[in-house]
Amino acid sequence: MKLIIQIPCYDEEYALPITLKCLPRKIDSIDEIEYLIIDDGSSDNTVEIARQNGVHHIVRLPQHSGLAKAFMKGIESSLMAGADIIVNIDADNQYCADDIEKLVEPIISKKAEIVVGERPIDEIEDFSKIKKILQRFGSWVVKIVSGTKIQDAPSGFRAISRDAAYSLNVFSKYTYTLETIIQAGLSGIKILSVPIRVNKQLRPSKLIKSIPSYINRSLVTILRIFITYKPLRFFVFVGLIFFTPGIVLGIRFIYFYAIGNGDGHIQSLLFGAILIILGVLFWILGLIGDVISINRRLLEDIQYNLRKNTYK
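Treat the numbers as computed from the prediction; the structure is a model and nothing was measured.

1. Topic: the confidence of the model for the chain
- Of all residues in the chain, 97% have pLDDT values of 70 or greater, and the mean over the chain is 89.
- Per-element mean pLDDT across the chain ranges from 80 in helix H8 (residues 211-229) up to 97 in strand S4 (residues 85-88).

2. Observations regarding the sheet that holds strand S6 (residues 158-161)
- Strand order in the open sheet made by the 7 strands is S3-S2-S1-S4-S6-S5-S7, with mixed pairing throughout. This sheet does not close on itself; its edge strands, each paired only once, are strand S3 (57-60) and strand S7 (191-195). Averaged over all adjacent pairs, the angle separating strand axes in this sheet is 20 degrees, with direction ignored.
- Examined bridge by bridge, strand S1 (residues 2-9) and strand S2 (residues 32-39) share 8 bridges and lie parallel to one another. Across the sheet, Leu3 pairs through a bridge with Ile33, a residue of S2.
- Lying over the sheet, helix H7 (residues 177-187) contacts strand S5 (114-118), S6 and S7, oriented at roughly 45 degrees with respect to S6.

3. Things to note about the packing of aromatic side chains
- In this structure the tally under the stated criterion is 10 aromatic pairs.
- Among the aromatic residues, those joined into a cluster by ring pairs are Phe234, Phe235, Phe242 and Phe282.
- We note Arg296 situated over the ring of Tyr229; from NZ or CZ to the ring centre the distance is 4.1 Å.

4. Digging into H7
- In terms of burial, H7 is a largely internal element, 9 of the 11 residues being buried.
- Buried residues of H7: Thr177, Leu178, Glu179, Thr180, Ile181, Ile182, Gln183, Ala184 and Leu186, and no others.
- Just past H7, the residue Gly188 takes up positive phi, approximately 85 degrees.

5. Focus on the pairing of S1
- In terms of burial, S1 is a largely internal element, 8 of the 8 residues being buried.
- Burial along S1 is two-sided: the residues Lys2, Ile4, Gln6 and Pro8 and Leu3, Ile5, Ile7 and Cys9 are all buried.
- Crossover connection from S1 via helix H1 (residues 16-22) to parallel S2: handedness right-handed.
- Sheet topology note: the S1/S4 ladder contains 4 bridges and is parallel. Considered in S4, the bridge of Gln6 is made with Asn88.

6. Section: the pairing of S4
- Because side chains alternate across S4, one face comprises the buried residues Ile85 and Val87, and the other comprises Ile86 and Asn88, equally buried.
- In this structure, S4 lies alongside S6, joined through 4 bridges in antiparallel fashion. Bridge pairing in S6 links Val87 to Ala159.

7. Concerning the nonpolar core
- Among the nonpolar cores identified, the biggest contains 43 residues, and Phe71, Ile114 and Ile160 are the most heavily contacted of them.
- Elements with a contribution of two residues or more to this core: S2, helix H3 (67-80), S5, helix H5 (129-146), helix H6 (162-167), H7, H8 and helix H9 (231-258).
- No other element matches the 6 residues that H3 contributes to this core.
- For Ile160, the residues in contact, after removing those within four places along its chain, are Phe71, Ile75, Asp84, Ile85, Ile86, Ile107, Glu113, Ile114, Ala165 and Leu168.
- In this structure, Ile7, Ile49, Ala50 and Ala159 belong to the second largest nonpolar core, which totals 31 residues.

8. Examining the pattern of salt bridges
- Counted by the stated rule, this structure contains 6 salt bridges.
- Between Asp152 and Arg119 there is a salt bridge, with its nearest N and O atoms 2.7 Å apart. With Asp152 in the loop between H5 and S6 and Arg119 in the loop between S5 and H5, this pair connects stretches of sequence that are 33 residues apart. Assigned by exposure class, Asp152 and Arg119 land together as buried.
- When the shortest N-O distance is used, the salt bridge between Glu300 and Arg296 registers 3.1 Å.

9. Brief notes about the packing of H9 against helix H10 (residues 266-310)
- Contact geometry for H9 and H10: axes closest at 7 Å, N-to-C directions at 160 degrees. Relative to H10, H9 is oriented roughly antiparallel. The handedness of the crossing between H9 and H10 comes out as left-handed.
- Considered class by class, the residues forming the contact of H9 with H10 number 23 nonpolar, 8 polar and 2 charged.

10. Section: unusual backbone geometry
- For Asp11, which is not a glycine, the phi torsion comes out positive at approximately 55 degrees.
- When you line up the elements, Asp11 lands in the loop between S1 and H1.

11. Topic: a positive patch on the surface
- Residues Lys69, Lys73, Lys173 and Arg224 make up a contiguous surface patch of positive charge.
- Along the chain, the position of Lys73 falls in helix H3.

12. Side note on the side chain of Gln135
- Counting through the fold element by element, Gln135 comes out in helix H5.
- By relative accessible area, which is 7% here, Gln135 ends up buried.
- A distance of 3.3 Å separates a polar atom in the side chain of Gln135 from a polar atom in the side chain of Arg119.
- Ignoring sequence-local partners within four residues, the contact set of Gln135 consists of Arg119, Ile121, Phe127, Asp152 and Pro154.

The rules behind each value
Residues numbered from 1 in each chain as written. Predicted model: local features only at pLDDT ≥ 70, side-chain atom pairs only at ≥ 80, totals over all residues. Heavy atoms only, no water. pLDDT = per-residue confidence, 0-100. Helix = DSSP H or I, 4+ residues; strand = E, 2+ residues; numbered from the N terminus. Pairing = 2+ DSSP bridges. Axes fitted to C-alpha atoms, helices over the stretch in contact; angles between N-to-C directions. Contact = heavy atoms within 4.5 Å. Phe/Tyr/Trp six-rings, centres within 6.5 Å; stacked < 30°, edge-to-face > 60°. Lys NZ or Arg CZ within 6 Å of the ring centre and 35° of its normal. Buried < 20%, exposed > 50% of the residue type's maximum accessible area, 1.4 Å probe, protein only. Right-handed = clockwise from strand over helix to strand, strands pointing away. Core = buried A, V, L, I, M, F, W, Y, C linked by side-chain atoms within 4.5 Å. Salt bridge = Lys/Arg side-chain N within 4 Å of Asp/Glu carboxyl O. Parallel < 35°, antiparallel > 145°, perpendicular 65-115°, else oblique. Left-handed = near helix turned anticlockwise from the far one by under 90°. Nonpolar A, V, L, I, M, F, W, Y, C, P; charged D, E, K, R; others polar. Patch = residues over 30% accessible without salt bridge, like charges linked within 9 Å, V, L, I, M, F, W, Y side chains within 5 Å. Areas by Shrake-Rupley, 256 points an atom, 1.4 Å probe, with all protein chains shown as cover. Lys, Arg positive; Asp, Glu negative; His and termini not counted. Charge placed at Lys NZ, Arg CZ, Asp CG, Glu CD. Polar contact = N/O pair within 3.5 Å; in protein donor to acceptor, adjacent residues only side chain to side chain.

Written out as structure tokens, the structure reads:
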């Protein structure tokens, strides 16, 4: 069994040697361990540092493309290199690499296809109080939307089986963490989390430069992936928001009309009719989206088989 540990990098010449030094050389039930870095258009000596530290595979993107694209490029390259299990870890050494063994164990024992490292959020001194609250809230939203029990959705420390990697898709250019969990939950891929340890922060996060921007991007990602996988449920809910008050206004008009006072409530009738029409239009969108989602599932099956045959 071959494990490839992939590390997305963007200008990480300082932190990368520390992270590489901490990576395991041997794990029970794993025959081979190799390292792979994805250079996301670095302008420093990241690639040279990787070579000096004996990294087995170096994948270079022609320009800075963002964490999500670097992650998926790493997944593809790891599959091509024959990985049975892929572990993704950040280059800033925030995760304790000794816990990689804990991540891969559920995959080796066939208990899960994806395993996410759960950080002790409340104990991390480098996290501000507002960041801890947002981490918890974001994970709660992802749990509701995905139907999973992942406690630390933004964690990038995760293990992925070869079979699960064939099925992964990331549409966001920002990050892969939330999207892959929701996709796994809605697609029936078995996913769980295990508690892991963290190290002292070496540098500020490059991903979260602004809390409002991070919240906005995360909510858009969650909404977008949910609509992609559950369009009928989403548009039926939105349609009810318009249809229900429209019906109430219609009943109100009928009541006043029945008692001979309908002339003064024509506006309510018109507004109610508009709301009902909008509700029905959203339901029609849901039906169209549901038909499109059937095609998406067929395309995902084709993609799965294509990747499986390509990355033999």
